[in-house]
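Chain by chain, the residues run as shown.
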Amino acid sequence: MSRNGSLEVICGSMFSGKSEELIRRVRRAIIAKLKVQVFKPIIDNRFGIEHVVSHNNVKITALPVDHPYDIFDCLEDGVQVVAIDEVQFFSKEIIQVCDALADKGIRVIAAGLDLDFRGEPFGPMPDLLAKAEIVDKLRAICVVCGQDACRSQRIINGKAADYNSPLILVGDSKEGYEARCRACFELPNKSGSCLSAEELPLCFFGAEQ
Ligand SMILES: [Zn+2]
């Protein structure tokens with residue numbers, strides 16, 4: 001096992017600058033004359049499939065791959081840094097792939113959404129965050145109140161998306177996303193999978209027994 005390998009994860013909500021930070025790190029590695037390869041899942045076709053593009057329009061070349069194991073097949077000799085954008089969209093095998101690359105001595109930089117539109121952990125992210133040597137959790141700005149935002153609010157036809165709304169919309173529905181803080185995040189019809197404030201033990205709030 002090489003001593004140089006490691007896994008860095010950049011996570012956060014939409015509009016928190018994850019792709020920008022990934023691009024910044026890749027550029028620094030290129031300036032340092034390291035051999036870098038950038039990958040992204042094929043599912044993300046927001047800006048065309050050959051680039052990672054941040055919201056402020058800075059871009060770098062990325063290779064779109066379908067399955068995490070495709071990264072092994074596409075790996076060039078002597079690569080020292082592997083960057084992966086939108087890593088949350090990959091299947092769970094991406095965890096093994098990141099681990100194996102880091103064990104081989106490669107510096108792996110992965111960027112992705114930590115939470116989905118329901119505010120729940122996104123795909124492989126919990127494992128990647130746990131295995132990473134370095135984690136950076138970036139925050140956006142809440143469009144409602146201006147505080148730091150940690151959630152991606154899904155909006156369908158101008159309203160906060162229902163907990164049960166389909167992942168892929170069909171027909172004429174219009175959807176978008178906003179960065180919101182915990183307090184301004186709305187999720188209509190979320191069923192009681194966790195305790196409500198009334199159900200929590202009183203001591204949780206520091207009340208006297
Ligand atoms: Zn807010």
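For the structure, check the block above.
What counts as what
- In this convention, every chain numbers its residues from 1, walking through the sequence in written order.
- Per-residue local features of the predicted model are confined to residues with pLDDT of at least 70, and side-chain atom pairs are confined, for both listing and counting, to 80 or more; whole-chain, interface and lining totals are unaffected and use all residues.
- Whether two strands pair comes down to DSSP finding at least two bridges between them.
- Helix and strand definitions here come from DSSP, where helices need a minimum of 4 consecutive H or I residues and strands a minimum of 2 consecutive E residues; each element is numbered from the N-terminal end.
- Think of each axis as a best-fit line through the C-alpha atoms, taken over the contacting stretch in the case of a helix, with angles from 0 to 180 degrees between the N-to-C directions.
- Distance between backbone-placed C-beta atoms decides contact: two residues are in contact if it is within 7 Å.
- In a helix, the anticipated span is given by 1.5 Å times the number of residues less one.
- Residue burial is a threshold on neighbouring C-beta atoms within 10 Å of the residue's own C-beta, all placed from the backbone, with 20 or more meaning buried, 12 or fewer meaning exposed, and counts in between meaning partly exposed.
- Throughout, the arc means that of the directions going from the helix axis to the C-beta atoms.

1. Focus on the sheet that holds strand S13 (residues 175-180)
Part 1 of the argument: What the three strands build is an open sheet, ordered S12-S11-S13; its pairing is antiparallel. The open sheet has two free edges, formed respectively by strand S12 (159-160) and S13, since each of these has just one partner strand.
Part 2 of the argument: Looking at chain direction, strand S11 (residues 151-156) and S13 are connected through six bridges and run antiparallel. Paired with Arg154 across the two strands is Tyr177, which belongs to S13.

2. Concerning the sheet that holds strand S1 (residues 6-12)
Part 1 of the argument: Read across the sheet, six strands follow the order S5-S2-S6-S7-S1-S8 without closing on themselves; strand pairing throughout is parallel. Every interior strand has two partners, whereas the edge strands, strand S5 (63-65) and strand S8 (134-138), have only one. For this sheet the average axis-to-axis angle between neighbouring strands, irrespective of direction, equals 20°.
Part 2 of the argument: One ladder, built from seven bridges, connects S1 with strand S7 (residues 107-113); its direction is parallel. Each residue of the ladder has a partner; that of Ile10, found in S7, is Ala111.
Part 3 of the argument: Contacting S1, strand S2 (36-41), strand S6 (81-84), S7 and S8, helix H1 (residues 18-31) runs over the sheet at an angle of about 165° to S7.
Part 4 of the argument: Of the strands in this sheet, S1, S6 and S7 are in contact with helix H3 (residues 93-103), which crosses S7 at around 155°.

3. Details of H1
Part 1 of the argument: Across its 14 residues, H1 extends 20 Å between first and last C-alpha, which sits within 8% of the 20 Å expected from 1.5 Å per residue.
Part 2 of the argument: Every buried residue of H1 is listed here: Lys18, Ser19, Leu22, Ile23 and Val26. All buried residues of H1 lie within an arc of 130° about the axis, which places them on one face of the element. In H1, the exposed positions angled more than 90 degrees off the buried face are occupied by Arg28 and Ile31.

4. As for unusual backbone geometry
Part 1 of the argument: If you check the backbone angles, Asn157 has positive phi at about 50° while not being a glycine.
Part 2 of the argument: For Asn157, a count of 11 C-beta atoms within 10 Å gives the class exposed.
Part 3 of the argument: Here Asn189, not a glycine, exhibits a phi torsion of approximately 70°, which is positive.
Part 4 of the argument: Secondary-structure assignment places Asn189 in the segment after S13.

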